[in-house]
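Geometric and topological summary
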Amino acid sequence: MKFITLPDTTPLISLRVVFQTGASQDPPNQGGVAWMTAMMLAGGGSRTLTYKQILDAFFPMGLSVGCQVDKELITFTAEVHADHLEEFYEIFRGMLLDPGWRADDFARLTDDAVNMLEVELRGQNDEELAKEILYQRIYQGHPYERHDAGTVSSLQALALDQLKAFYLAEFASSNLIIAIGGGYPDGFEQRLRKDFSALPLRARAGVEIPPAPPVAETELYLLEKPARGVAISLGFPIEVRRGHPDYPALLLATSALGQHRMSSGRLFTRMRQYRGLNYGDYAYIEYFPGGMYTLQPSPNHARANDIFQLWIRPVDREQSLFALRLALHELESFVTGGLSQDEFQRARSFLSKYVNLLLKTKSEELGYAVDSAYYGIPAYPDYVRAGLSQLTLEEVNAAIRRHLRYDRLRIVAVGEGMQDFKDAILENRVSSMTYNSPKPEEILEEDKVVERRPILVLPGSIVIAGADAAFA
Amino acid sequence: MADAKIFAYDYDQHDYPNGLRLITVPAPYPQVVSLYIVVQAGSRNEVEEGRSGFAHFFEHMMFRGTPAFPPERYEAVLQETGASSNAYTDDDRTVYHTTLTKEDFETLLAMEADRFQHLDYPLEGFQTEALAVLGEYNKDSTEPINKLMEVLRDTAFDAHTYKHTTMGFLRDIERMPQMYDYSRTFFDRFYRPEYTTLIVAGDVDPAEVRAQVERHWGAWQRGSYICAPAVEPAQSSPREAHIPWPTHTLPYLLVAHHSPAYSDEITDGAALDIISFLGFSESSPLYEKLVIEDQSVDLLWASNADHVDPYLFTVMARVKEDPMVPDVRESILATLRGFAETPVDDSLLANVKSHLRYRFALSLDNSEAIASTLAHYVSLRRTPETINRLFYLYEQVTPQLLQTVAARFFQPNGRTIVTLANGDAK
């Protein structure tokens, strides 16, 4: 058990209880068991209190227990006012250490997980769908392959006993990190230590996380569903993660290419600002779920493996092939040409300051500290700033060439008319752009190159699937 | 905590001769400053036919440059300051917000002052931006709740601009590229000091901020436009609409009633806020019945969203199977009726009041959260004091008042029900 403490004198107390286990540890044929186990703790009753009793107790305190399941970490969070710490903690302890395992909670939470996959992700959020399917295509045959919540059929096949067994095996004191901050009283930390020591030591060896399988050739995976726009995500695995010597360089590079939800990146400027193709275009080197709802990533998605990816927000169907070609064109010029001195300096200045804003709240500060413990690095802002301060433009461009590429990609598109999209790619059909306003000569000239850019892919490597296939 | 002012921060509120208001909140979070620029114009102000969605579109245009700061230069400065910056528009407001380290605050303040006073974008940039807005509509169009709200408003309102969503009707969005001249009119009307409040929260000295704002915003000229959306006539009979949805979904149900405008003086709205929690929050009997016991519903909420003019009290349920929709609908209506028929238990009412206070206190845990919360209220009453007045009203709400208010606002004639389901199922 590790402890991270960030005490202060405010009346608010933040708590993060993080187990170093997750969806990658689901036993064979039990997809979603880690997810469901965590949900049963956070969204079900304890042995002594029903879920309803817990909701009623928390309600006047204005609080709830958050839960996040990722490949290698399961995180429970709560923010509580000092007025209620005692009352809250008694309940919270019961939820995590003495769960109720009631069948009616299990039925309700299974429905929730199925609806999250089937109704929300598959049905309503084409952008997130394209991203999640991209992970599945990249991690085929790997412990990261399945969605964290499993599939509709695997969820429906789970039994409560499997959750209990997972809890006993994986929710161990030996893979636990507890992070606490704010104005908690003396002795509270000791109490947590004592209570959570009651969990057993981890008895089984965890599933090893191997490197991602290499991508030998470009693959397009096209999900057909009715929609006004086509959502596109593309990427490939990288070996760089926090702690890797090239992490700061690649962080800087992807910030210049497409800082999340900022209008400064190259992709945003050239695809949206100049051409009005869509609402935004961004680049990532770390998992960032729910990017359409939040400006900053939530912590505790730390992973042994990660991917480089581009997020192309929904594009009008007629312009979707052009948009994909333009994204690949930009990626090529980024990889081969690197950053300019000016881009380098601006991105470095940006990140050196912006990194402070990621840790605005006590809860975020604790979350980043947990991730730093996972990666074995100093406090994240210090780590990033120190790394950035020593970088040169040449080193960043060398890191781009070392780790990034514009071929051997996994590409996922979600939308309508996928057969035509496929045919157009295989026939290398020209995808001319027309605009509603005059454009500078430079843009029009570039368009002539982009509109006929070949996407080198074998016919067998373009797969069309119905959206119903996702997470089935 | 129960007796203290809910918005407990000392703040400095200052009016400039041109009508601009500045609210500075020193907060105990070192190094960081949040600037929220609140313009009291949103889709409510789109009073002319065919202009729905324009306030939101205009928010996009604010990033299209001035002579001193063309878009590339604006972006370069923002980037060098490491700022987290964005903007949003809703019914009653457009808000431009930036959070950054304090050393760069005045640079940002000056640059923002420049674009609010000297915005000047070319026709080409305007027309290109109209496409990005269409892209935004396209990305949102996959979510049923967006369509539900679009149809609910269109059905429930006849005259007031709340008839359309902030995003606007698709037909108007598609015509935006032709509205360049109108965009200049829109800027001229609403991007004026008397419509604008600056909120600065964080590691700052109020006196210094006052002087900085005077330096950069003092010369901004007051305007003269007064916006008066049409008054919505009383609804005379219940209304319904159904949306057939092209892809797999669970059925959705919205039950809405016309409700009063935001007020920090009259208790009606405060009472409806409390009913939304008593009746439909996770701790409500209906949630227990539908979500926990019967498990016929997986999402349930109600909202009496604060608005400048009378809006809607809305209950939303996502139902697990199509045939269950009529029963769920009846349960919701019975719950609403119940508030008029039977006084609620004092202890339950006290729980909601406690919930509201602690939820509010827990949310103010950083400078950005303080500024962002204030932005909402400031666009309604232009002062943080309205929060304290509102929470004072919550304290005044009694079981008897809840009955009176429920009886008045949950009348069938003020009701609109919208359903959405895959295919034609209702």
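Parameters at a glance
Residues numbered from 1 in each chain as written. Chains lettered and ligands numbered in written order. Predicted model: local features only at pLDDT ≥ 70, side-chain atom pairs only at ≥ 80, totals over all residues. Heavy atoms only, no water. Helix = DSSP H or I, 4+ residues; strand = E, 2+ residues; numbered from the N terminus. Rg over C-alpha atoms; globule rule 2.2 N^0.38 Å. Buried < 20%, exposed > 50% of the residue type's maximum accessible area, 1.4 Å probe, protein only. Contact = heavy atoms within 4.5 Å. Areas by Shrake-Rupley, 256 points an atom, 1.4 Å probe, with all protein chains shown as cover. UniProt positions renumbered as here; feature names shortened; annotations may be inferred. Domains from an automatic or database assignment. Buried area = accessible area lost by both parts, 1.4 Å probe. Salt bridge = Lys/Arg side-chain N within 4 Å of Asp/Glu carboxyl O. Polar contact = N/O pair within 3.5 Å; in protein donor to acceptor, adjacent residues only side chain to side chain. Nonpolar A, V, L, I, M, F, W, Y, C, P; charged D, E, K, R; others polar.

In the annotation of an unreviewed UniProt entry, the entry for chain B reads Insulinase family protein, and the organism field reads Paludibaculum fermentans.

Taking an unreviewed UniProt entry as the reference, chain A is identified by name as Insulinase family protein belonging to Paludibaculum fermentans.

Before going further, it helps to examine the overall build of chain A. Scanning chain A for helices and strands turns up 17 helices and 11 strands. Since a compact globule built from 472 residues should have a radius of gyration of about 23 Å, the 23 Å found for chain A is in line with a globular shape. Once the C-alpha set of chain A is aligned to its principal axes, its extents read approximately 70 × 50 × 40 Å. Put simply, chain A has 472 residues, and 65% of those count as buried. Residue pairs at least 24 apart in sequence account for 87% of intrachain contacts in chain A once pairs closer than 6 positions are excluded. Element-wise, carbon and sulfur atoms account for 52% of the exposed surface of chain A, whose accessible area totals about 16400 Å².

The next subject is the UniProt feature "domain: Peptidase M16 C-terminal" (unreviewed entry) in chain A. Per the UniProt record, the feature "domain: Peptidase M16 C-terminal" (unreviewed entry) sits at residues 159–349 of chain A. Here residues 159–349 of chain A is 35% helix and 20% strand, with 52 Å between the C-alpha atoms at its ends.

Our next topic: the domain arrangement of chain A. Residue and element names in this part refer to chain A. We note that the domain assignment places domain 1 (2–197) and domain 2 (219–469) within chain A. Relative to domain 2, the C-alpha centre of domain 1 lies at a distance of 30 Å. Listed as interface residues are 41 residues of domain 1 and, on the opposing side, 48 residues of domain 2. For the pair domain 1 and domain 2, the summed buried surface comes to about 3800 Å²; carbon and sulfur atoms form 57% of the total. We note a salt bridge from Arg313 to Glu127, for which the minimum N-O separation is 2.7 Å. In this structure, the connection of domain 1 to domain 2 is made through 28 residue pairs in polar contact (both at pLDDT 80 or more). Among the secondary structure elements, those contributing two or more residues to the side of domain 1 that touches domain 2 are strand E1 (2–7), strand E2 (12–19), strand E4 (74–81), helix H4 (103–124), helix H5 (126–138) and strand E5 (176–182). Top contributing element to the side of domain 1 that touches domain 2 by residue count: H5, with 12 residues. Across the side of domain 1 that touches domain 2, the residue classes tally to 16 nonpolar, 11 polar and 14 charged.

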